[in-house]
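# Structural features, examined
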Amino acid sequence: MAVFINSVHAEENQKQLFPDISDESYQREKIKTMEDTTDADYKIHQNHSLLVPERIEENDFMFSQQPLDLLPLKKTDIKDINKDLETNQPLAPKLDNSNSGDNIYKSPPQAVPKDKVPAILTTFSLNDLTVNHLTKAVVDTQFVFGTERTDNLYINALYQIESKVIQSLSQDNIFTSDFQGEYLQLRTINQNRQISIIQSQPQTLRGFELQQTFIGPCYLVNNDASVSGEQCNLLPPFVVDRKSIEPRFFVPNRIEQLGNIGDVISPETLALIKLPGWQNQGFNGEFTGIDLYLPNIGATPGNSQSNQTAISRRESLDNTYSLGHYQVRQIVKTNAQKAVLGRTIKGVNVIVDDENLGLNSALGALGAMLPDIKPNLKGTAANANTNINRNLFNAANNIRVPGNSFVIYQGGVGEAVHNQINVNNGNGVKRTSNIPAGKFNSVWLGISPVTKRSFSQTSRYVPTGEERRVLRVGGEGGINSDVNFAVATNENGISNSINSANLNNFYIQAYMSLLQRDVNFETVNILNKKTNYYPHLSLTGNITNYNSVLRYYTGAIFSENVKLYVGGDYTINWDNWLLNLGAIAYNSGDKDYYSKVEGSLSKQFRFSPNTNLGLFTGFRYAWDRDQDNFLDNPVDNFVSVGANLNFNIFSLQISQLLDLLPDSTGNKIQASLTASLGKNASFTAYFSPQRSIDSYGISSRYSWGDSANRSSISFNWGRNIYDFGDDAFGENLQTKNDTFSVIFQAFFK
């Protein structure tokens, strides 16, 4: 068996050991391209892919460590390795060595029937899809719906306009296979995502009403001798405009001054004022007294209707579409000693309503003018060896391709020395004594998503009942009453006080009320995520051996804040041990692109063809990233230990997350159980708690077709329980969202 890292299907938003179908960026099960993998091995891999920390990823759109098609290897498997490397059918039809009139070729370039060309010779990845020359179309759809979220349909469709494979044999024994394909791709991408948390806390809103009138002799405040015997306002007529009460917080926006101290009050108005109860408006537009109405002077938790705080989470997604046209060329050359591979992909992609549409279109035009990669290979005297080292193709597909991105130009070249085949003791049994490594280096130019986040918070009181008076005190009267009132004035810097006890003619009204209203104090927190695509240049390479892969990469995303990065990872498989280590560093990290180091170690024990046990441990430590907003899913550090057991049709996995690193998930136990219902169907249930989110769900899947072009349909349900701590009464605040999805993926030849 061989080591193969599928870098096509970047696992997005894998914040936990098991899939969270509530996130539409959750990727379908990746397409397997290892033609030598048996059903039993696939079962082991299918469960083991949950073990490595690459599954625990948070929106690392391009640089998350990819899942591995890496199976335990025994020394006794050396014969199987040899079988993998020798193609059962020739790479081309039998060549005609007759004189063709062209001295360059023993057999001139000719189009080869597609069914005569092995798929491994033309397999490549294009924008998160793995296809080959036999793939006429791919339809990958996902419909997501649920409670407290929008319904969304996602499409990733690829159509082959035309393709051909041209093969030739030169006079100097260089066999060439030239695959050329032209494709259209339609894809749904998320452009705007809004997460809203609405918290509604029952409260009792308290209010206050103050009404006062003081009417007395005018000579005290008015120097006009003509009115010296009249009655005047000794208080300014201030009135709160009750129509101006602001509806969110119940505070007045306007206080009107309807007169002044010293305004004359007519006998008719005074007589009206003396009627029982509060009056402040008389005849001829005369106003008197202060009328203050403050419906909000504070609130206390709980009200007469409820003491239970309610909280809800709402998610809204707006999608757009991208349409791309791509030209692919993959040239494989082989002589007697080694083989080389050159891959070129050119694309022009249009994303509707993207802010950088003009710039990205110009880059697409530039990419179309860049040269095709044509690998160089010297001729040999011996005949070309068409049993090509499989590590060449594995290396070409092990490159770190930015996920969730669109290629504008990709050019890469790789090489691998042929396998050394010996004949053992003359008995005709072939064996492989040395399996050379494959190497591949590539430049990738394209556009990648960069998400801007903005946070807002709004609050308001929502009335749930009518305002009520809980207390009213006061009274009114004049010289023959027990009412007493005093005011202080300041005119031209001279202070003066007026006390009704010193007057023989006055009238006073003095009332005060305490008010209450049942309300819900509603707080709305909103996280907006706006995604646009920016130019991205990546240089990447790898060295792929039969049991190990070393990858290295560097690049830059040319967003408003240029993101430079460098990283690498190493994977090795020996004696049923699997070790993976990786690291990446950014000059300016954010929520999606951040520096981290991570690794995993696992050991497989096979007890029988249908029973095996895996033990594993893993970790991730990330830094230099944006602080988590409680509305956003956290990017947790972790240390984990666990085990997975495969027994007949069942696969059980349990992992313990340890609270050893800063910003970690905490001490959590995660588990999943899968039942394989024959070769084509499976059923999975999982439970996966995180720092502030508990997730569980079920998934059923049915697949059909061959291993290289396997179609499938799956039905999924997941529930996320979000924990927001305690309310004012010490009650736990939780809300849950149910998400359903139907995923259909079909390949057409």
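All values derive from a computational prediction rather than experimental measurement.

### Side note on the packing of aromatic side chains
Under the criterion given, the structure shown has 15 aromatic pairs. Ring geometry for F214 and F485: centres 5.2 Å apart, planes at 65°, overall edge-to-face. Of this pair, F214 sits in strand β8 (residues 175-217) while F485 sits in the loop between β20 (468-477) and β21 (486-491), and the two are 271 residues apart along the sequence. Accessibility assignment for this pair places F214 and F485 in one class, buried. Clustering of aromatic rings is evident, with ring pairs tying together F124, F179 and Y183. Above the ring of Y293, the side-chain terminus of R242 is found at 4.2 Å from the ring centroid. A cation sits over an aromatic face here: K603 above F605, 5.5 Å from the ring centre.

### Re the environment of S481
Along the chain, the position of S481 falls in the loop between β20 and β21. With 26 residues separating them in the primary sequence, S481 and Y507 have C-alpha atoms 9.5 Å apart. Here G478 takes part through its backbone oxygen, which lies 2.7 Å from a polar atom of the side chain of S481.

### What to know about the nonpolar core
Core analysis: the largest hydrophobic core is formed by 40 residues, its most contacted members being F124, L126, L158, Y183, L341, F393 and F406. Looking at this core, the element that brings in the most residues is strand β16 (residues 406-417), giving 5 residues. Setting aside chain neighbours within four positions, we find L126 in contact with L158, Y183, Q185, Y326, I345 and V407. With 14 residues, the next largest nonpolar core counts V227, L234, V483 and F485 among its residues.

### Here's the deal with helix α5 (residues 390-397)
The element α5 is largely enclosed, with a buried count of 8 among its 8 residues. By the burial criterion, the buried members of α5 are R390, N391, L392, F393, N394, A395, A396 and N397. Structurally, the start of α5 carries an N-cap: the backbone nitrogen of N391 is 2.9 Å from a side-chain oxygen of N389.

### Structural notes on the confidence of the model for the chain
Put simply, the chain has an average pLDDT of 82, and 83% of its residues get 70 or more. In this model, residues 1-101 is a region of pLDDT below 50 whose contacts with residues beyond four sequence positions or in other chains number 346 contacts.

Calculation rules
Residues numbered from 1 in each chain as written. Predicted model: local features only at pLDDT ≥ 70, side-chain atom pairs only at ≥ 80, totals over all residues. Heavy atoms only, no water. Phe/Tyr/Trp six-rings, centres within 6.5 Å; stacked < 30°, edge-to-face > 60°. Helix = DSSP H or I, 4+ residues; strand = E, 2+ residues; numbered from the N terminus. Buried < 20%, exposed > 50% of the residue type's maximum accessible area, 1.4 Å probe, protein only. Lys NZ or Arg CZ within 6 Å of the ring centre and 35° of its normal. Polar contact = N/O pair within 3.5 Å; in protein donor to acceptor, adjacent residues only side chain to side chain. Core = buried A, V, L, I, M, F, W, Y, C linked by side-chain atoms within 4.5 Å. Contact = heavy atoms within 4.5 Å. pLDDT = per-residue confidence, 0-100.

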